[in-house]
Amino acid sequence: MADDELEAIRRQRMAELQAKHGVRGEPEPGQETDMRNSILAQVLDQSARARLSNLALVKPEKANAVENYLIQMARFGKLGGKISESGLIEILEKVSQQTEKKTTVTFNRRRVMDSDEEDDD
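Worth saying up front: this structure is predicted, and the values here are computed from it rather than measured.

Draft legend 1. Representation of the environment of Lys82. Along the chain, Lys82 falls in the loop between helix H4 (60-75) and helix H5 (85-98). Considered as a pair, Lys82 and Leu44 are 38 residues apart in the sequence and their alpha carbons are 5.1 Å apart. Sequence-distant contacts of Lys82, that is, excluding residues within four places in its chain, are made with Ala41, Gln42, Val43, Leu44 and Asp45.

Here it is in structure tokens:
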């Protein structure tokens, strides 16, 4: 046997053993997104998925946080059934409250030589 054939057989056998025992390497990027989409398809109804995809266009960070939250709840079995659009809105409000940022505006006024405060007349 050639070395190339032997190496191919070893790789095939190693892949079979890993599949048999459930040992997986790092998932490929495309495979991970497929898994996320399939879990979300099982958890969300059609209108909720549409709302989440619209949110992903506008605020990808928030959509990713909501997706992670939903996947985590699904893995732990805390979801009773498919989440409707109104249920997704409630989850979005919870995530918004947790990640709410307080914005403050401060004005730094510069003192200019021509200021009206200095009336020497």
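Moving on from the coordinates now.
Draft legend 2. Broad picture of the packing of helix H3 (residues 46-58) against H5. Put simply, H3 and H5 touch, their axes get as near as 8 Å, and they point 35° apart. H5 is crossed by H3, and the crossing has right-handed handedness. Counted together, Ser47, Ala48, Arg51, Leu52 and Leu55 of H3 and Glu85, Leu88, Ile89 and Leu92 of H5 form the full contact between these two elements. Looking at side-chain class alone, the contact of H3 with H5 contains six nonpolar, one polar and two charged residues.

Draft legend 3. Region of the structure containing the nonpolar core. Leu44, Leu52, Val66, Leu70, Ile83 and Leu88 are the most contacted members of the largest nonpolar core, which totals 16 residues. Elements with a minimum of two residues in this core: helix H2 (29-43), H3, H4 and H5. Beyond its immediate stretch of four places on either side in the chain, Leu44 contacts Arg49, Leu52, Leu70, Lys82, Ile83 and Leu88.

Draft legend 4. Geometry of the confidence of the model for the protein chain. A residue-level look at the protein chain finds 83% of positions with pLDDT of 70 or above and a mean pLDDT of 81. Confidence, expressed as mean pLDDT per element, reaches its minimum in the protein chain at helix H1 (residues 3-21) with 76 and its maximum at H3 with 93.

Draft legend 5. Structural detail: H5. Under the 1.5 Å per step criterion, the end-to-end length of H5 is 20 Å for 14 residues, consistent within 8% with the ideal 20 Å. Along H5, the residues that are buried comprise Gly87, Leu88, Ile91, Leu92 and Val95. One side of H5 carries all its buried residues, which in axial view fall inside an arc of 140°. Buried residues in H5 make contact with H3 and H4.

Draft legend 6. Expanded view of the environment of Ile83. Tracing the sequence through the fold places Ile83 in the loop between H4 and H5. On the basis of relative accessible area, Ile83 is assigned to the buried category, the value being 11%. Taking C-alpha positions, Ile83 is 9.5 Å from Gln46, a pair spaced 37 residues apart along the chain.

The rules we used
Residues numbered from 1 in each chain as written. Predicted model: local features only at pLDDT ≥ 70, side-chain atom pairs only at ≥ 80, totals over all residues. Heavy atoms only, no water. Helix = DSSP H or I, 4+ residues; strand = E, 2+ residues; numbered from the N terminus. Contact = heavy atoms within 4.5 Å. Axes fitted to C-alpha atoms, helices over the stretch in contact; angles between N-to-C directions. Left-handed = near helix turned anticlockwise from the far one by under 90°. Nonpolar A, V, L, I, M, F, W, Y, C, P; charged D, E, K, R; others polar. Core = buried A, V, L, I, M, F, W, Y, C linked by side-chain atoms within 4.5 Å. Buried < 20%, exposed > 50% of the residue type's maximum accessible area, 1.4 Å probe, protein only. pLDDT = per-residue confidence, 0-100. Expected span 1.5 Å × (residues − 1). Arc of directions from axis to C-beta.

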